[in-house]
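Spelled out, the chains give:
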Amino acid sequence: MVQIEDWFVREVLPLEAALTRFLQRNWRNEAEINDLRQETYARVYEAAQRERPILVKPFLFQVARNLIIDRLRKQSVVSLESVADFDWLNVSDDRPSSEAHVAARQELRLLQTALDELPPSGEVRLLCLE
């Protein structure tokens, strides 16, 4: 199995320029961009220790989006200058979080493993009580 550090360097770090552009477009305080990027990396790394995402880029950007939402929620007064576009935030979104999505995928894999261990349908024998 590939070490988490190797996976991170190979899959996540090459997306740094795109992540930085995303953060710059969606967070007006330029002084906080590096902190947001590092916190995004920390969250992705932590999540990947539990289960590595199949689609790395969408996962990375979802984590960054959630981080921005978290920061906005923690601010007592949200500056309209902090966020470039409120539409993409969709704070009232009822979709499951990325962490819930990863957990659901893991449950599906466990279910698939259990189903794969069942005998073929022709081999199932019914017990009859006489």
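Residues numbered from 1 in each chain as written. Predicted model: local features only at pLDDT ≥ 70, side-chain atom pairs only at ≥ 80, totals over all residues. Heavy atoms only, no water.

**Considerations on the overall build of the protein chain**
Looking only at helices and strands, one finds five helices and zero strands in the protein chain. Across the 130 residues of the protein chain, 31% fall into the buried class. Of the roughly 9,400 Å² of accessible surface on the protein chain, a fraction of 54% belongs to carbon and sulfur atoms. (Helix = DSSP H or I, 4+ residues; strand = E, 2+ residues; numbered from the N terminus. Buried < 20%, exposed > 50% of the residue type's maximum accessible area, 1.4 Å probe, protein only. Areas by Shrake-Rupley, 256 points an atom, 1.4 Å probe, with all protein chains shown as cover.)

**Considering the packing of helix α3 (residues 33-50) against helix α4 (residues 56-74)**
Put simply, α3 and α4 touch, their axes get as near as 9 Å, and they point 120 degrees apart. Compared by their axis directions, α3 and α4 come out oblique. Like other packed secondary-structure pairs, α3 and α4 cross with a definite hand, here right-handed. Where α3 abuts α4, its residues D35, L36, E39, T40, Y41, R43, V44 and A47 lie against F59, L60, V63, A64, N66, L67, D70 and R71. Residues belonging to the contact of α3 with α4 are distributed by class as follows: nine nonpolar, two polar and five charged. (Axes fitted to C-alpha atoms, helices over the stretch in contact; angles between N-to-C directions. Parallel < 35°, antiparallel > 145°, perpendicular 65-115°, else oblique. Left-handed = near helix turned anticlockwise from the far one by under 90°. Contact = heavy atoms within 4.5 Å. Nonpolar A, V, L, I, M, F, W, Y, C, P; charged D, E, K, R; others polar.)

**Thoughts on the pattern of salt bridges**
Two side chains bearing opposite charge may form a pair once their charged atoms approach each other closely. As enumerated under the stated definition, the model contains six salt bridges in all. The residue R10 makes a salt bridge to E11 at a minimum N-O spacing of 3.2 Å. Take R10: its relative accessible area is 45%, and that puts it in the partly exposed class. Within the structure, one salt-bridge network assembled from shared partners comprises E39, R43 and D70. (Salt bridge = Lys/Arg side-chain N within 4 Å of Asp/Glu carboxyl O.)

**Describing the nonpolar core**
W7, V12, L19, L23, V44 and L60 are the most contacted members of the largest nonpolar core, which has 26 residues in total. For this core, the elements supplying multiple residues, two or more each, are α1 (4-12), α2 (16-26), α3 and α4. A per-element tally of this core places α4 first, with nine residues. Excluding residues that lie within four positions of it along the chain, V12 makes contacts with W7, Y41, V44, V56 and L60. (Core = buried A, V, L, I, M, F, W, Y, C linked by side-chain atoms within 4.5 Å.)

**Notes on the packing of α2 against α3**
Axis separation between α2 and α3 bottoms out at 10 Å; the angle between their running directions is 125 degrees. As far as their axial angle goes, α3 and α2 are oblique. α2 and α3 meet at a crossing whose hand is right-handed. Between α2 and α3, the residues in contact are E16, L19, T20, L23 and Q24 and I33, L36, R37, T40 and Y41, respectively. In terms of residue class, the contact of α2 with α3 is built from five nonpolar, three polar and two charged.

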